[in-house]
Amino acid sequence: MTATTEMEETERVNDPGLIPLEGGGNRSPAFDDLARAFQIELRRAMTSPGKRRLHLFTTGSPSPELRRVLARIDRYTSELRRLHDANARPGDFDIPRVRDLFMGSPSGMDVLTAWVVADDLKFEVLDRADDAYLGVLLAREAGRQDPLPEMQVARWTDCFAEDELAALMRAFQAGTPTEEQRRRARACLRSLYLRSAELGNLGRARQETRARYLVRWTQVLLPLVVSLGLALYGASVSRSSFWRLMVVGFAGALGSTLSGVLQVRGLTRITALRSVRAGLFTQPLVGAAASLFIFALLASHLLVLPGTNSSTPPDWPALATYGFLAGFSEPFFFGAVRRITSSSEPAGATRGAESREQG
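Remember, predicted model here, so these are calculated numbers, not experimental data.

Draft legend 1. Representation of the nonpolar core. Leu 70, Ile 73, Phe 102, Leu 121, Leu 138, Trp 156 and Leu 189 are the most contacted members of the largest nonpolar core, which has 45 residues in total. Where this core is concerned, the elements lending two or more residues are helix H2 (31–47), helix H3 (64–86), helix H4 (96–101), helix H5 (111–128), helix H6 (131–142), helix H8 (162–174) and helix H9 (179–237). Per element, the largest residue contribution to this core is eight residues, and it comes from H5. Listed in part, the 15 residues of the second largest apolar core include Ile 294, Phe 295, Leu 319 and Ile 340.

Draft legend 2. Spatial organisation of the environment of Arg 265. Tracing the backbone shows Arg 265 in helix H10 (residues 241–266). When the C-alpha positions of Arg 265 and Ala 211 are compared, they lie 8.7 Å apart, and in sequence the two are 54 residues distant. Once residues lying within four places of it in the same chain are set aside, the contact partners of Arg 265 are Arg 210 and Leu 214.

Draft legend 3. Geometry of the packing of H5 against H9. Interaxial distance between H5 and H9 falls to 10 Å at its minimum, and their mutual angle equals 175°. Here H9 runs roughly antiparallel to H5, going by the angle between their axes. Between H5 and H9, the residues in contact are Val 111, Leu 112, Trp 115, Asp 119, Lys 122, Phe 123, Leu 126, Asp 127 and Arg 128 and Arg 186, Leu 189, Arg 190, Tyr 193, Leu 194, Ala 197 and Arg 204, respectively. In terms of residue class, the contact of H5 with H9 is built from nine nonpolar, no polar and seven charged.

Draft legend 4. Local environment of the packing of aromatic side chains. Across all of its chains, the model carries five aromatic pairs by this definition. When the centroid spacing of 5.1 Å and the interplanar angle of 50° are considered together, the rings of Phe 38 and Phe 102 count as tilted. Highlighted residues: Phe 38 in helix H2 and Phe 102 in the loop between H4 and H5, separated in sequence by 64 residues. Summarising the burial analysis for this pair, Phe 38 and Phe 102 share the class buried. Judged by centre distance (5.8 Å) and plane angle (10°), the ring pair of Phe 324 and Phe 328 falls under stacked. On the criterion of helical spacing, the pair formed by Phe 324 and Phe 328 is a turn pair, its members being four residues apart in helix H13 (residues 316–328). Under the relative-accessibility criterion, Phe 324 is labelled partly exposed at 26%. Through pairs of rings, three or more aromatic residues link up here, namely Phe 31, Phe 38 and Phe 102. Residue placement shows Arg 75 over the ring face of Tyr 76; its charged tip is 5.4 Å from the ring centre. When the ring centre of Tyr 193 is taken as origin, the NZ or CZ atom of Lys 122, which lies over that ring, is 4.0 Å away.

Draft legend 5. Molecular detail of a nonpolar patch on the surface. Taken together, the side chains of Leu 222, Val 226 and Leu 230 define a hydrophobic patch exposed on the protein surface, amounting to about 300 Å² of accessible area. Of note, Leu 222 is situated in helix H9.

Draft legend 6. The pattern of salt bridges, seen in detail. According to the stated counting rule, one finds 13 salt bridges in the structure shown. Its salt-bridge partner being Arg 36, residue Asp 32 comes within 3.7 Å of it at the nearest N-O pair. Of this pair, Asp 32 and Arg 36 both sit in helix H2, four residues apart, which is roughly one turn of that helix. The exposure class assigned to Asp 32 is buried, which follows from its relative accessible area of 18%. Classification of Arg 36 as partly exposed rests on a relative accessible area of 21%.

Rules behind the numbers
For every chain, the first residue of the written sequence is number 1, and numbering continues from 1 onward in sequence order. Two thresholds apply to this predicted model, a pLDDT of at least 70 for residue-level local features and 80 or more for giving and counting side-chain atom pairs, whereas whole-chain, interface and lining totals are computed over all residues. Water and hydrogen atoms were dropped before computing side-chain values, which therefore reflect all heavy atoms in the structure. To form a nonpolar core, buried Ala, Val, Leu, Ile, Met, Phe, Trp, Tyr and Cys residues must be joined to one another through side-chain atoms within 4.5 Å. The cut-offs for exposure are 20% and 50% of the maximum accessible area for each residue type, with area from a 1.4 Å probe on protein chains only; residues under the lower value are buried, those over the upper are exposed, and the others partly exposed. A helix here means a DSSP run of H or I that spans at least four residues, while a strand means a run of E at least two residues long, and both kinds are numbered starting from the N terminus. What makes two residues a contact is simply this: any of their non-hydrogen atoms within 4.5 Å. What counts as an axis is a line fitted to C-alpha atoms, over the stretch in contact for a helix, and the angles between N-to-C directions run from 0 to 180 degrees. Should an angle fall under 35 degrees it is called roughly parallel, over 145 degrees roughly antiparallel, and 65 to 115 degrees roughly perpendicular, with every other angle called oblique. Residue classes follow a fixed rule: Ala, Val, Leu, Ile, Met, Phe, Trp, Tyr, Cys and Pro count as nonpolar, while Asp, Glu, Lys and Arg count as charged, and any other residue, Gly among them, counts as polar. Centres within 6.5 Å are what make two rings of Phe, Tyr or Trp a pair, Trp counting through its six-membered ring; a difference in plane orientation under 30 degrees is then read as stacked, over 60 as edge-to-face, and the rest as tilted. Here, a charge over a ring means that NZ of Lys or CZ of Arg falls within 6 Å of the ring centre while also lying within 35 degrees of the ring normal. Patch membership requires over 30% relative accessible area and the absence of a salt bridge. Like charges are linked within 9 Å, and nonpolar side chains (Val, Leu, Ile, Met, Phe, Trp, Tyr) within 5 Å. Note on areas: Shrake-Rupley, 1.4 Å probe, and residue coverage restricted to the protein chains presented here. Note on definitions: salt bridges are taken to be side-chain nitrogens of Lys or Arg within 4 Å of carboxyl oxygens of Asp or Glu.

Any functional reading would require information that these geometric values do not contain.
Here it is as structure tokens:
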């Protein structure tokens, strides 16, 4: 039977829990029938965008990571079918938790759900693996190199002694493992897979949280960029103080928001990412306040910086530059404030403060 015929046959099934019989009627599907139907829908989901909604920056097709995890689910399903055919007691596969994995629809899975299903299938394969397959799994753990930093994988030596792995491998390679060795191999591999699944879920949660916050910061950043562009245009064609004030305010807000975006990009812990959420809307206001204060200092000639002088008001390019720096860089802002406060203090007071600090 070709793949097309199998797909057409599956599409005629109204109830995913029943398989039509020849001559009418229905019966409860056998394990292999259910797994085959699941694989047909799974492969359709990998190659077709289905009814996914189109978003601004997506094409509607499955993401590369989703295709990867769906392919892994397909591989585990094929392995379960092989073990089912080779097992002397196929009824061991017809248990509720195994059948429930194949009753869901792969086309509606997101990345996180697909990884959960893949991990569940991986554990089911491990529980039903024969000696040859267990030997392959142990050899894979023995040959695993140090994972890359971005790979969330637990190694055997992270949890168990390396000598135990070597002893188990010798037993399975010789074809003489005891029941206790089989039990121990499954228990150790299950612990490793569970640890890897937890690390993977944590890594994906971090990526999702960081991506979500970056999108939110971008939503704030975009109107600030547009506003600053309009203010710069207004300041270039008009000598009005209003446009210079707008340039300074929006430049500071943009610099502060951009600083927050760069901070979010560098964070890896979920708690740290959540801590910057409160500054999503306050960050632009803080930057605007700092830049307006710098504007006041430059306009009053209390502070003279490169590109400005003490006789004429600063031009809008200098105002935009220093306003952006005031919002983006706290050291620049506090350094400017420190210069003003230090120059306004009497010399005796300054020397007295320095002597108190030294004492």
